[in-house]
Number of protein chains: 2
Amino acid sequence: MRSVSIIGIGETRLGKLAEYSLSDMIKEAGGKAIEDAGLEAKDIQAAYIGNFNGSYLNNQSHLSAMVTETLGFGTIPVTRTEAACASGGEALRQGFIGILSGLYDIVLVGDVEKMTHQSTGFVTAAVASAMDYEKEAMEGITFPACFAMIANRYFYEYRNVKKEMAMCAVNAHHNGCLNPDAQMQKEITIEKVMDADLIASPLSLYDCSLVTDGAVFAVLAATEIAEKISKKRIVEIVGSGHSGDKLTLYNKKNITTFSATLAAAKEAYSQAGLQPDDIDFAEVHDCFTITQIINTEDLGFFEKGKGGDAVSDGTIAIDGKKPINPSGGLKAKGHAIGATGISQIFELVTQIRGDAAARQVKKSDIGIAHNLGGSAGTCVVHILKGR
Amino acid sequence: MRSVSIIGIGETRLGKLAEYSLSDMIKEAGGKAIEDAGLEAKDIQAAYIGNFNGSYLNNQSHLSAMVTETLGFGTIPVTRTEAACASGGEALRQGFIGILSGLYDIVLVGDVEKMTHQSTGFVTAAVASAMDYEKEAMEGITFPACFAMIANRYFYEYRNVKKEMAMCAVNAHHNGCLNPDAQMQKEITIEKVMDADLIASPLSLYDCSLVTDGAVFAVLAATEIAEKISKKRIVEIVGSGHSGDKLTLYNKKNITTFSATLAAAKEAYSQAGLQPDDIDFAEVHDCFTITQIINTEDLGFFEKGKGGDAVSDGTIAIDGKKPINPSGGLKAKGHAIGATGISQIFELVTQIRGDAAARQVKKSDIGIAHNLGGSAGTCVVHILKGR
């Protein structure tokens, strides 16, 4: 199999970017990534753009052609991917496959989402399209309700981790304060999380990720070419996994272990020839704090039911044995839905290059990114390794 | 480069399918394609689903997971692509690349759209998201207006082909009557088209394609595997081209020749080692009658400005020298937006197998499918050849 590496990254600040249009965000983040790779637009042979719901939130579909126009791409092929919150991860996966196929050598992958200009109700409706609209959303279920059911079931099968979930939020806010691009720039306490208003029991306000605008891009190249042209540390994609599962939550056999994560992680670990213990640090999809705990178990870092312990004993902290979400994650860096997959990749590359400054993890040669769509109907996992 | 073939096809009837949900359409068309290939769900290793705007029209995003749940796919990777009216063509293109990459051997590609349940105004808004919403749609431009400007410019640069455009519609309706899956099942006359109400001058009612529901799927396999398992005539993808262009119409240098078509066709012809004269018949993207004429010129079948002559002299008829849209095309088979790309492939495979009954073209070994997105911001071209 052909080796593929990442040679450039670029992102907007994540947050409320009222002054940016979708194309403004694409221009800034895409431009930064191409520049970071030491390339120009003419060097890009194909592009993939992940976006969840511009069609509804911005009345804007056909983002591939917007990427072409904004970045000055002539007639190269550009493809939009969408898989709810895993739209960005899928863009990376397809870019990776494009280079594997031999059709392309240098590919831009990116993702973008603009949400904060809409009302909370409008955003809730937009996000609900990531579940089965007829069988779930129309019955009144929202995503906080889905993940509240998952949390309650986890409490029943294993133990109550409400306090450890709060610690996830505290850790995320702390890391976010160290990330200049993060939306959330304030520390919180366990007490504040535990005392916050309930959204859907047992999830309270600080158990939920954010509504965010942002765009993140990365330049991929066949490694043999990357070695010739890259002036920075080359970051190889040593494992790529992509799996699906049923759309509806009620039809899943198990809701405290996500089948899509297990399958995608298996593919990625197998390609990489690595085990969970070999991973130095991770960005995992913490759409809710309970999801972070489940994901770290499903990725094989901790035994089922023990993910909470790794939070309370400091294992997941930036200076812990297995740092989780040093970027601040979806909880504090922000969750620009479709733009989350490559936002995770941005952090992995930044850490592996040793450029993460105040949030730099100690050992950062091998990182994993875990991107989940909807109530785990899609999962994309990538393992990156510095060369 | 690895050879990829099509070994199964399936589609719903196109039209007003009020009794079908999105998942009903996926189930019927996807199930038929898998059965037509002589396979079962467990044999499919990956899938791609093209959909334009379920997010807005049906409040349903994340169709990949719906495909997984509906067709019983376990945890295989499923990816949604979107490129306006070329969403289906992109699904095929990505499925093709997936097999080229060596990651997959057998891939299901499909597309689906459900539109007719919404009001005309709602559909117009949904479709307008395929242009630049801020710079075009918000200024009051609709797609009929875009293509009316294109037609007027064509009249200015070459000659007035209003009558030949009408003949395109007559030809499409005639062919549609021979296709049991086509939405439009009535013959029309040149006079009827010429006298119809204007939509955007010079386009009248019958110059415009239809609002349609439908789903179409195809099973792809590496040709070396297709040869072992297929009991029907194997249809090889001998050329695949995918190109982009600017999203906005006003920024395009030339609007009577589509750069995206030229580039995608060049890639496809080059891969296939074929010339336009080698193509026996074609399905081209006739979202409007003028588009059909321009497309047949851009594909190299006729000189620029001469596409109208090929309509009036009968060249494009089913029994002509270069049959165009024997299925009835977007004009009469129907234009279920995101589901058009693979609908064209369904017709090519049906013709190449010799299964097109009353609409069978005489020479049908090599066909080309041309799928356009928006005002030519995306183009996907595939050349299929019977083995």
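Residues numbered from 1 in each chain as written. Chains lettered and ligands numbered in written order. Predicted model: local features only at pLDDT ≥ 70, side-chain atom pairs only at ≥ 80, totals over all residues.

S.K.: Quick one: what's the story with the overall build of chain A, residue by residue and with numbers?
M.R.: Assigned secondary structure in chain A consists of 14 helices and 11 strands. Against the globule reference of 21 Å for 387 residues, chain A gives a C-alpha radius of gyration of 19 Å, in line with a compact fold. Along the three orthogonal principal directions, the C-alpha set of chain A runs to about 55 × 45 × 40 Å. For chain A, with 387 residues in total, the buried portion stands at 68%. Considering only contacts in chain A between residues 6 or more positions apart, those separated by 24 or more positions represent 78%. (Helix = DSSP H or I, 4+ residues; strand = E, 2+ residues; numbered from the N terminus. Rg over C-alpha atoms; globule rule 2.2 N^0.38 Å. Buried ≥ 20, exposed ≤ 12 C-beta atoms within 10 Å, placed from the backbone. Contact = placed C-beta atoms within 7 Å.)

S.K.: So what's going on with the interface of chain A and chain B? Residues and values would help.
M.R.: Across the contact, 56 residues belong to chain A and 56 residues belong to chain B. Going through the elements one at a time, helix 2 (54–57), helix 3 (63–71), strand 3 (78–82), helix 4 (87–100), strand 8 (235–244) and helix 10 (259–272) of chain A are the ones with two or more residues in the side of chain A that touches chain B. The residue inventory of the side of chain A that touches chain B, partitioned by class, reads 20 nonpolar, 28 polar and eight charged. In terms of strand pairing, strand 3 of chain A meets strand 3 (residues 78–82) of chain B through three bridges, oriented antiparallel. Bridge pairing links Thr-81 of chain A to Thr-81 of chain B in strand 3 of chain B. (Nonpolar A, V, L, I, M, F, W, Y, C, P; charged D, E, K, R; others polar. Pairing = 2+ DSSP bridges.)

S.K.: Requested: an account of the domain arrangement of chain A, with residues and values cited.
M.R.: Residue and element names in this part refer to chain A. Split by domain assignment, chain A resolves into domain 1 (4–118 + 212–235) and domain 2 (142–207 + 237–386). Of note, the centres of domain 1 and domain 2, computed from C-alpha atoms alone, are 23 Å apart. With 41 residues of domain 1 in contact, the opposing surface of domain 2 contributes 34 residues. Taken together, the elements giving at least two residues each to the side of domain 1 that touches domain 2 come down to strand 1 (4–11), helix 4, strand 4 (106–113) and strand 7 (214–222). No other element matches the eight residues that helix 4 contributes to the side of domain 1 that touches domain 2. In terms of residue class, the side of domain 1 that touches domain 2 is built from 20 nonpolar, 11 polar and 10 charged. (Domains from an automatic or database assignment.)

S.K.: Before we move on, can you summarise the relation of the copies chain A and chain B with the specific residues and values?
M.R.: The two copies are related by a screw motion: chain A maps onto chain B through a turn of 180 degrees and a shift of 0.0 Å along the axis, at an RMSD of 0.0 Å. What we have between these two chains is a two-fold relation. Proximity to the rotation axis, assessed at the C-alpha, singles out Ser-101 of chain A in chain A; its C-alpha lies 1.8 Å from the axis. The overlap is high: 100% of the interface residues of chain A also sit at the interface in chain B, so the same surface is used on both sides. (Least-squares fit on C-alpha atoms with pLDDT ≥ 70 in both.)

S.K.: I'd like to hear about the packing of helix 6 (residues 143–157) of chain B against helix 11 (residues 289–298) of chain B, residue by residue, with values.
M.R.: All names here are of chain B. Across the interface, helix 6 lies against helix 11 with an axial gap of 9 Å and an inter-helix angle of 55 degrees. It follows that helix 6 is oblique to helix 11 by the angle criterion. Crossing of helix 6 over helix 11 shows left-handed handedness. Facing Phe-147, Ile-150, Ala-151 and Tyr-154 of helix 6, the residues of helix 11 in contact are Ile-290, Thr-291 and Ile-294. (Axes fitted to C-alpha atoms, helices over the stretch in contact; angles between N-to-C directions. Parallel < 35°, antiparallel > 145°, perpendicular 65-115°, else oblique. Left-handed = near helix turned anticlockwise from the far one by under 90°.)

S.K.: Requested: an account of unusual backbone geometry, with residues and values cited.
M.R.: Cis geometry is adopted by the peptide bond preceding Pro-202 of chain A, which originates at Ser-201 of chain A and carries an omega value of 10 degrees. By secondary structure assignment, the location of Pro-202 of chain A is in the loop between strand 5 (198–200) and strand 6 (203–204). Its identity as a non-glycine residue notwithstanding, His-62 of chain B has a phi of 55 degrees, on the positive side. Tracing the backbone through its elements, the reader meets His-62 of chain B in the loop between helix 2 (54–57) and helix 3 (63–71). Judged by local crowding, His-62 of chain B falls into the buried class, with 31 C-beta atoms found within 10 Å. One non-glycine residue, Ala-357 of chain B, lies in the positive phi region at around 50 degrees.

S.K.: Give a description of the environment of Ser-259 of chain B that names residues and reports values.
M.R.: Structurally, the position occupied by Ser-259 of chain B is in helix 10 (residues 259–272). Among the residues examined, Ser-259 of chain B registers 20 C-beta atoms within 10 Å and is labelled buried. Put simply, Ser-259 of chain B and Glu-297 of chain B are 38 residues apart on the chain and 12 Å apart in space, counted from C-alpha to C-alpha. Not counting the four nearest positions on each side in its chain, Ser-259 of chain B is found in contact with Thr-75 of chain A together with Asp-245 of chain B.

S.K.: Tell me about the environment of Leu-103 of chain B, residues and numbers included.
M.R.: With respect to the helices, strands and loops of the structure, Leu-103 of chain B is situated in the loop between helix 4 (87–100) and strand 4 (106–113). For the pair Leu-103 of chain B and Glu-283 of chain B, spaced 180 residues apart in sequence, the C-alpha to C-alpha distance is 30 Å. Beyond its immediate stretch of four places on either side in the chain, Leu-103 of chain B contacts Ile-97 and Leu-100 of chain A together with Gly-98 of chain B.

S.K.: Describe the pairing of strand 2 (residues 46–50) of chain B, and please don't skip the residues or the numbers.
M.R.: Residue and element names in this part refer to chain B. Of all five residues in strand 2, five are buried, a share of seventy percent or more. Bridge count for strand 2 against strand 4 is five bridges, and the pairing is parallel. From the neighbouring strand, Ile-49 faces strand 4, where its bridge partner is Gly-110. Where strand 2 lies against strand 3, four bridges are found, and the strand directions are parallel. Bridge assignment links Ala-47 to a residue of strand 3, and that residue is Val-78.

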